[in-house]
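Residues per chain, in single letters:
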Amino acid sequence: MNRRVSGPGALLALYGFLVAYAALSLMPFAWMLITSFKEQAALFQLPPSFRPSLLFTDTPMANYSVIWNERNFVTFFRNSAFVSFMAAIGQVFTCALAGYAFARLPLPGKNIIFAIILATAFVPTEVTIIPEFLLMRGFGWLDTFLPLIVPSFLVGAFGTFMLREYFASLPHDYAEAARMDGAREFRIFWRIYLPLAQPALISVFVIAFINNWDELLRPLLYLTSPDLYTVPLGLLSFVSQYEAAWGQLMAGSVISTLPLIIIYVLTQRYVLAGFSGGGVKG
Amino acid sequence: MTPAWRRYAPALIFLLPALVGLAVFRLVPILWSFVLSFYDWQIFDQPSFTGLDNYIHILTSPVSGQVLRNTAVFALIYVPGSIALSLVLASVLNNTLRSSTFFRSALFLPYITSTVAVTLAWKWIFSTRFGLLNNALAALGIDAAPAWLADPTYALPAVAIVSIWKDVGFYMILLLAGLQTIDPTYYEAARIDGARVVRRFFRITVPLLSRSLFFVLIIAMVRSTQTFEITYALTEGGPNRSSTTLAYFIYENAFIHFQMGYAAALAYILCFLLGLLTLVNFYFRRRWVHE
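Residue numbers run consecutively from 1 along every chain, following the written order of its sequence. The lettering of chains begins at A and the numbering of ligands begins at 1, in the order of writing. Per-residue local features are limited, in this predicted model, to residues with pLDDT of at least 70; the limit for side-chain atom pairs, both in listing and counting, is 80 or more; totals at the level of whole chains, interfaces and linings are taken over all residues.

1. Some thoughts on the overall build of chain B
Looking only at helices and strands, chain B has 13 helices and 2 strands in total. Along the first, second and third principal axes, the C-alpha set of chain B runs to 70 × 70 × 35 Å. Counting other C-beta atoms within 10 Å of a residue's own tells you its class, since 20 or more makes it buried, 12 or fewer makes it exposed, and anything in between is partly exposed; those C-beta atoms are placed from the backbone. Buried positions account for 44% of the 291 residues belonging to chain B. Any pair of residues counts as being in contact when their C-beta atoms, constructed from backbone geometry, are within 7 Å of one another. Pairs at least 24 apart in sequence give 70% of the contacts found in chain B among residues at least 6 apart. We count a stretch as a helix when DSSP gives it H or I for four or more residues in a row; a strand needs E for two or more, and each element gets its number in order from the N terminus.

Given below as structure tokens:
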């Protein structure tokens, strides 16, 4: 063990700081959860109470059932789940194929193409979103899920980068052996390398799912029918209609946060590897 | 079929979806936006070529001046704030509970959860009269607490606070990965020499971490110019545009006023500023980053 801090006092101060910041980091979640179990009257009490008062009544889930059934969050939730799943699966598909080609298949100039993909990823969304909107309008895709799925399906510089690294790190001899057997490239990719790349594929999928679940700008631009709203858009439309209904709004926020927390807890290893993987060491 | 074609066909087929995506959703829009930035085009009218008018208007109008100033103020709070905090947290965590999943997750959670949902929770916390924050301040004896989101002086800092809170865990994870590559014997040696905590931090941790710090600095700067979701959910750029930053202003011009040409010119100014910042960063890199 290397304790780098001299003296118990200093160590205690470090622990204290860490605990205090962790509490601050979690505080909005706790307040969101408590508020979601408060009845309307309890919201505007001074000083604010930390008691989730609805839990002590016979309708503890009142805010949740209003938001889920009457305010149609069940639909928003289904929409978000569908869009995020399709967008993430598509991204894994495209990035895996591209990453494999960049790492493994012969093509003159492929490093230049790869560099262009990476370079254009640094161009801010603000630059591309206006023509993207005009394109979608031209395709007749406004007010459908396609503009939320297709760009994420086809563009993924981060995922391509990650999977390229991963495929490059796998041993070459499997492919050589298979090629001698006369297996075609796609079969080699599908049967041998894709299964081996599973951890990286999960990272790319989960990160793409989280990003798409969180996306606000595109749904805001492309969706006009409330039946197609995703969760973030549904939450915001609720704010503008029911200004002071913080209990229900926070119930909606819990609903939209919960899937991401569950996914994160289940796949933490892959998410952290994915987020810190692209970074430099030291 | 020539042999070369046969040889390269698999790679081309594998790359096809990515190349279509690159062309349709990246290269074409990047060029299209550039062309648009020289036009005056309200989406329902005919576009008319106006040369550099959009750019001149942006650089001279008081409104966009205010927006650029807001963007700079936001960046000046967000970049140093989030880096300093994540650096301190990463080194504290590295010194104490390095392998604690609980603390790492607690700090990382804001980064991966739904932005709109947590921003709305903050909106409720910032609420002037019934909000948790001002009531906590009152309990500490501070009665003249600001109206936060309703006050033009405090709305932008409030957006910055939420942004820092949300992103700090991400930067911390990146820095933690860097810290764990530092050889502990440096610290042992420094301790034998009698160097104290603060000195060890600035003389060993910071230099040996400089490559990770540089990477984090670049990401933080890029993100600081692109804040949109939090602004939209928290303040909608108000009150009186006091929290409107460049990314939000572009959205407003393009998709509320439908001034496509003007918004495209704003987007290119954003792009230019980012490129400039990155160049400046790389220029100063050799002064402080150890290879």
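2. Quick word on the overall build of chain A
Helix and strand counts for chain A come out as 14 helices and 0 strands. Its C-alpha atoms give chain A a radius of gyration of 24 Å, clearly above 19 Å, the size a compact globule of 282 residues would have. For chain A, the spread of C-alpha atoms along the three principal axes comes to 75 × 65 × 35 Å. Counting only residues that meet the buried cut, chain A has 44% of its 282 residues in that class. C-alpha atoms define the radius of gyration, and 2.2 Å times the number of residues to the power 0.38 defines the globule rule.

3. Remarks on the interface of chain B and chain A
Across the boundary between the two partners, chain B contributes 77 residues, which contact 75 residues of chain A. With 21 residues, the single largest contributor to the side of chain B that touches chain A is helix H1 (residues 3–36) of chain B. Amino acids outside the nonpolar list (Ala, Val, Leu, Ile, Met, Phe, Trp, Tyr, Cys, Pro) and the charged list (Asp, Glu, Lys, Arg) are all regarded as polar, and Gly is one of them. For the side of chain B that touches chain A, the residue count by class is 60 nonpolar, 12 polar and 5 charged.

4. Observations regarding the nonpolar core
Judged by nonpolar contacts, the single largest core of 159 residues is most densely connected at Val204(A), Leu175(B), Ile250(B) and Leu266(B). If one sorts the elements of this core by residue count, helix H7 (residues 155–179) of chain B sits on top with 19 residues. The split of the chain into domains comes from an automatic or database domain assignment. In terms of domain composition, this core takes at least three residues from each of domain 1 (8–61) and domain 2 (67–277) of chain A. For Ile250(B), the contacting residues outside a window of four places in its chain are Glu126(A), Ala263(B), Leu266(B), Ala267(B) and Leu270(B). Nonpolar cores are built from buried Ala, Val, Leu, Ile, Met, Phe, Trp, Tyr and Cys residues. These are joined into a set through C-beta atoms within 7 Å.

5. Digging into helix H6 (residues 125–139) of chain A
An α-helix turns once per 3.6 residues; consequently, residues spaced three or four apart project the same way. Each residue after the first adds 1.5 Å to the expected span of a helix. Here H6(A) spans 20 Å end to end across 15 residues, near enough to the 21 Å set by a 1.5 Å rise per residue. Among the residues of H6(A), Glu126(A), Val127(A), Thr128(A), Ile129(A), Ile130(A), Pro131(A), Glu132(A), Phe133(A) and Met136(A) are the ones counted as buried. Buried positions along H6(A) lie against helix H7 (146–154) and helix H12 (217–222) of chain A together with H1, helix H12 (246–255) and helix H13 (260–288) of chain B. Gly140(A) sits one or two positions beyond H6(A) and adopts a positive phi of about 75 degrees.

6. Here we look at the packing of helix H4 (residues 73–104) of chain A against helix H8 (residues 157–169) of chain A
All names here are of chain A. One way to put it is that H4 packs onto H8 with a least axis distance of 7 Å and a crossing angle of 50 degrees. Between H4 and H8, the interaxial angle falls into the category oblique. Along this stretch, H4 crosses H8, giving a crossing that reads as right-handed. The segment H4 lies against H8, with Gln91, Cys95, Ala96, Ala98, Gly99, Tyr100, Phe102, Ala103 and Arg104 engaging Gly159, Thr160, Leu163, Arg164, Phe167 and Ala168. Axes here refer to lines fitted to C-alpha atoms; in helices the fit is confined to the stretch in contact. Angles between the N-to-C directions go from 0 to 180 degrees. Note that the term roughly parallel is reserved for angles under 35 degrees, roughly antiparallel for angles over 145, roughly perpendicular for angles of 65 to 115, and oblique for everything else. Each crossing is labelled by how the near helix is turned from the far one, with a counterclockwise turn of less than a right angle marking it left-handed and a clockwise turn marking it right-handed.

7. A closer look at the domain arrangement of chain A
All names here are of chain A. Each assigned domain of chain A is listed with its residue range as follows: domain 1 (8–61) and domain 2 (67–277). Computed from C-alpha coordinates alone, the two centres of domain 1 and domain 2 are separated by 33 Å. The interface of domain 1 with domain 2 comprises 8 residues on the first partner and 6 residues on the second. Secondary-structure elements contributing two or more residues to the side of domain 1 that touches domain 2 are helix H1 (8–36) and helix H2 (40–43). No other element matches the 4 residues that H1 contributes to the side of domain 1 that touches domain 2.

8. Digging into the confidence of the model for chain B
When pLDDT is averaged across chain B, the result is 89; 98% of the residues are at 70 or more. With a pTM of 0.90, the predicted complex shows an ipTM of 0.88. Known as pLDDT, the predictor's confidence for each residue is given on a scale from 0 to 100.

9. Side note on unusual backbone geometry
Residues and elements named next belong to chain B. The omega torsion across Gly238 and Pro239 is -10 degrees, close enough to zero to call that bond cis. By secondary structure assignment, the location of Pro239 is in the loop between helix H11 (229–234) and H12. In this model, Arg241 sits at a positive phi of 65 degrees, which is unusual for a non-glycine residue. Examined against the element boundaries, Arg241 turns out to sit in the loop between H11 and H12. For Arg241, a count of 18 C-beta atoms within 10 Å gives the class partly exposed.

10. Focus: the packing of helix H13 (residues 231–241) of chain A against helix H5 (residues 115–126) of chain B
Running from N to C, H13(A) and H5(B) point in directions that differ by 30 degrees, and their axes come no closer than 8 Å. Relative to H5(B), the element H13(A) is oriented roughly parallel. For the pair H13(A) and H5(B), the contacting residues are Pro232(A), Leu235(A), Leu236(A) and Val239(A) in the first and Val116(B), Ala117(B) and Leu120(B) in the second. Classifying every residue of the contact of H13(A) with H5(B) gives 7 nonpolar, no polar and no charged.

11. A closer look at the environment of Gln66(B)
Here Gln66(B) lies in helix H3 (residues 62–95). As a C-alpha pair, Gln66(B) and Thr244(B) span 178 residues in sequence and 8.5 Å in three-dimensional space.

12. Overview of helix H10 (residues 210–224) of chain B
Residue and element names in this part refer to chain B. In a regular helix each residue adds 1.5 Å, so 15 residues correspond to 21 Å; H10 covers 20 Å between its end C-alpha atoms and thus fits that length. Along H10, the residues classified as buried are Ser212, Leu213, Val216, Ala220 and Ser224. The buried residues of H10 occupy an angular sector of 95 degrees when the element is viewed end-on, so they sit on one face. Packed against the buried residues of H10 are H3 and H7. In this description, the arc belongs to the directions extending from the helix axis to the C-beta atoms.

13. Points about the confidence of the model for chain A
Per-residue pLDDT for chain A has a mean of 86; in total, 94% of the residues score no lower than 70. Throughout residues 278–282 of chain A the model reports pLDDT below 50, and contacts reaching past four residues in sequence, or to other chains, amount to 18 contacts.

14. Quick word on the environment of Trp41(B)
All names here are of chain B. Assignment of secondary structure puts Trp41 in the loop between strand S1 (39–40) and strand S2 (48–49). Sequence separation between Trp41 and Gly169 is 128 residues; the distance between their C-alpha atoms is 42 Å. If near-sequence neighbours (up to four positions away) are discounted, Trp41 is found in contact with Leu36, Pro47, Met260 and Gly261.

15. A few points about the environment of Tyr171(B)
All names here are of chain B. In this fold, Tyr171 is placed in helix H7. Taking the C-alpha atoms as reference, Tyr171 lies 9.1 Å from Leu213; in sequence the two are 42 residues apart. Discounting residues that sit within four places of it in the chain, Tyr171 has contacts with Ser82, Ile83, Ser86, Val216 and Ala220.

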